[in-house]
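Chain residues, written in single-letter form:
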Amino acid sequence: MSIMSHNGGAVIAMAGKNCVAIASDLRFGISIQTLACDFPKVFQMNERCFVGISGLTTDIQTVLAKLKFKWNMYKLNEEREMSPNVFANYFSTLLYEKRFGPYFTEPVIAGLNENNEPFLCSMDLIGASMTANDFVLAGTCNESLYGTCEAFWKPNLEPEELFETISQCLISSLDRDALCGWGAIVHVITPTEVISRKLKTRQD
Amino acid sequence: MARRYDSRTTIFSPEGRLYQVEYAIEAISHASSAVGILTKEGVVLAAEKKITSKLVEVSSKTEKMYQLADHLACAVAGITADANILINFSRVSSQQYLHKYQQPIPIEQLVQQVCDWKQYYTQIGGLRPFGVAFLYAGYDDYFKFQLYQSDPSGTYGGWKATAIGANNQSAQSTLKQEYRDDMSLDDALKLAIKVLSKTIDSTDLNANKLEIGTLTLDPVKGPRFQIFNENRINDLVQQCDIKSKRDDDDDDEDRNLLRSSGMTTK
């Protein structure tokens, strides 16, 4: 019945040694009906800042359009791009502005700041934000994801290890959630490159 | 006689003129000049920088040219403070269009929106017009590269080559003589420098007095606006000077002439 589980979906981000990884499932569905299996919920703002948004799909799309608007205006006015923590703060403000009629989205922001240090942030649908140095997540299987992440995450993972860890955590939880799954996409962000990989999961 | 009818924007004079608008246009002819040239490879915008004191702390990369969107840029002549308002309006307007239609704003649409606003200030409210003229350079999928000019009355037009600001008539006549439809971007850059060298009052041109930008289409990244840095401008000025000096020389310099016209800029 909950609006946040109408479309389903999960996003997760983890920090490693001078790198971050962000991933989401690929399902787009309306209630019990799955309509697409190529619908990522992670979006790139630039090579160092990614945002994953879970929740009601129409609000994901609307909020993303608003974020792009503000990102572009900031870039034109300030002649530089938003850093991940500035972006996270802006996102939080955007959500709180709709405090009494919110966007049904729970985002996760992952990026590298100017010193190539990992930055992770998640927030609830009205903008209460939390930064973490291990992992952040949101979605319909969030309780399960908390379990797998606590179990598998450890500090200072190299990019390849981080990829393995985040993938295993995500897949284990997706498989037990009816509203998430149908594949996953993982982006690993390092100071020099972004590696994106698609994962094949149980197609149910 | 004119004095009775020129203090308010919202009234016509007996001869059917709007004096405030004309005075605004006059204000721009005292501003430093800007030139725009359209080619199939891109649009060149070049402008004269007002000589600034060494004490000025530069806050923005450019003084006369501004990027309005990924595919749009403008050069300004006139009152800077007025220009800043309209530039911000253009930027917000472009993003609103992108938000609504998920597509970059067609250049003419943006020019019309700014001009509608400029016209508003010539008719309503008793506020003075904006004392700014713009040259807009842009690329869209409908008409490819385009160059537009707008003035304080809100009139705009599409151009192949045009100039605004001080000495714009002499700039326009030079452009009329030398512009060719099939010019390359390099040719246009050299022509822009040539035109500015005639309209600027100083004896020598260098990067301190010039601002140059090009709007081109990268096959992968899409339209982009680039401001030339000091070295690039100085190189360009040097190449143009070589060419114009050799133009004046005798025929035994023919070989050198051929060499310089075949040279490409960086």
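Below or above, wherever it landed, is the structure these notes cover. (Residues numbered from 1 in each chain as written. Chains lettered and ligands numbered in written order. Predicted model: local features only at pLDDT ≥ 70, side-chain atom pairs only at ≥ 80, totals over all residues. Heavy atoms only, no water.)

### What about the overall build of chain B?
The helix and strand inventory of chain B stands at seven helices and 10 strands. For chain B, the residues scored as buried account for 45% of the 266 residues in total. A separation threshold of at least 6 residues defines the contact pool for chain B, and within that pool the share at least 24 residues apart is 61%. Of the roughly 14400 Å² of accessible surface on chain B, a fraction of 49% belongs to carbon and sulfur atoms. (Helix = DSSP H or I, 4+ residues; strand = E, 2+ residues; numbered from the N terminus. Buried < 20%, exposed > 50% of the residue type's maximum accessible area, 1.4 Å probe, protein only. Contact = heavy atoms within 4.5 Å. Areas by Shrake-Rupley, 256 points an atom, 1.4 Å probe, with all protein chains shown as cover.)

### Observations concerning the environment of Thr140(A)
Residue and element names in this part refer to chain A. Along the chain, Thr140 turns up in the loop between strand E10 (135-139) and helix H3 (142-152). On the basis of relative accessibility, which here comes to 25%, the residue Thr140 falls in the partly exposed class. Here the alpha-carbon distance between Thr140 and Asp177, two residues 37 residues apart in the chain, equals 7.6 Å. Each residue touching Thr140, except ones within four places of it in the same chain, is listed here: Met4, Ser5, Gly8, Gly9, Asp177, Leu179 and Cys180. A polar atom in the side chain of Thr140 sits 2.7 Å from the side chain of Asp177. (Polar contact = N/O pair within 3.5 Å; in protein donor to acceptor, adjacent residues only side chain to side chain.)

### Side note on unusual backbone geometry
At Trp182(A), a position not held by glycine, the phi torsion is positive, near 60 degrees. By the secondary structure assignment, Trp182(A) is in the loop between helix H4 (159-174) and strand E11 (184-189). On the basis of relative accessible area, Trp182(A) is assigned to the partly exposed category, the value being 23%. Even without a glycine there, the phi angle at Asn167(B) is positive, about 55 degrees.

### Notes on the packing of aromatic side chains
A full pass over the atoms with the stated rule returns 13 aromatic pairs over all chains. Taken together, a centroid distance of 5.7 Å and an interplanar angle of 80 degrees make the contact between Trp71(A) and Phe87(A) edge-to-face. Of the two residues, Trp71(A) sits in helix H1 (residues 57-78) while Phe87(A) sits in helix H2 (residues 84-96), which places them 16 residues apart along the sequence. Measuring from centroid to centroid gives 4.8 Å for Tyr139(B) and Phe145(B), while their planes differ by 65 degrees, and the two rings are edge-to-face. Across the pair, Phe145(B) and Tyr139(B) agree in class, each one buried. Each member of the aromatic cluster is reached from another via a ring pair, and the members are Phe89(B), Trp117(B), Tyr120(B), Tyr121(B) and Phe130(B). A cation over an aromatic ring shows up here: Arg197(A) above the ring of Phe163(A), its NZ or CZ 4.1 Å from the ring centre. Note that Arg232(B) overlies the ring of Phe228(B), its terminal NZ or CZ placed 3.9 Å from the centroid. (Phe/Tyr/Trp six-rings, centres within 6.5 Å; stacked < 30°, edge-to-face > 60°. Lys NZ or Arg CZ within 6 Å of the ring centre and 35° of its normal.)

### Overview of the pairing of E11(A)
Residue and element names in this part refer to chain A. Summarising burial for E11: six of the six residues are buried, a large majority. In terms of strand pairing, strand E2 (residues 20-25) meets E11 through six bridges, oriented antiparallel. Looking at E11, one finds that Ala21 is bridged to Val188. Judged from the six bridges that link them, E11 and strand E12 (residues 194-199) form a sheet pairing that is antiparallel. If you follow Ala184 over to E12, its bridge partner there is Leu199. Where E11 folds back onto E12 in an antiparallel hairpin, the turn is made up of four residues. (Pairing = 2+ DSSP bridges.)

### Digging into the sheet that holds strand E5 (residues 42-46) of chain A
Residue and element names in this part refer to chain A. Overall, antiparallel pairing links the five strands, which are arranged E5-E6-E7-E8-E9 in an open sheet. Lying at the two open borders of the sheet, with one neighbouring strand each, are E5 and strand E9 (129-132). Strand-to-strand twist across the sheet, computed as the mean angle between neighbouring axes with direction ignored, equals 20 degrees. H2 rests against E5, strand E6 (49-55), strand E7 (105-112) and strand E8 (118-123) of the sheet, and its axis sits at about 165 degrees to E7. (Axes fitted to C-alpha atoms, helices over the stretch in contact; angles between N-to-C directions.)

### A look at the state of the cysteines
Residues and elements named next belong to chain A. Counted according to the given criterion, the structure contains zero disulfides over all chains. Not engaged in a disulfide, the cysteine Cys169 finds its nearest cysteine sulfur in Cys149; these two sulfurs lie 4.2 Å apart. Classification of Cys169 by relative accessible area gives buried; the value is 0%. Between Cys180, a free cysteine, and Cys141, which holds the nearest cysteine sulfur, the sulfur-to-sulfur gap is 3.8 Å. (Disulfide = S-S within 2.5 Å.)

### Overview of the interface of chain B and chain A
Taken together, the contact between chain B and chain A spans 13 residues of the former and 10 residues of the latter. Counting the surface lost from both chain B and chain A, the interface buries some 960 Å², and carbon and sulfur atoms represent 58% of this. Its largest share of buried area at the contact with chain A, chain B owes to Arg91(B), Gln95(B) and His99(B), together 54% of the area lost on that side. Applying the counting rule to chain B against chain A returns zero salt bridges. At the boundary of chain B and chain A, one finds three residue pairs in polar contact (both at pLDDT 80 or more). Only strand E3 (65-69) and helix H2 (80-101) of chain B provide two or more residues apiece to the side of chain B that touches chain A. Of the residues in the side of chain B that touches chain A, the class split is four nonpolar, seven polar and two charged. (Buried area = accessible area lost by both parts, 1.4 Å probe. Salt bridge = Lys/Arg side-chain N within 4 Å of Asp/Glu carboxyl O. Nonpolar A, V, L, I, M, F, W, Y, C, P; charged D, E, K, R; others polar.)

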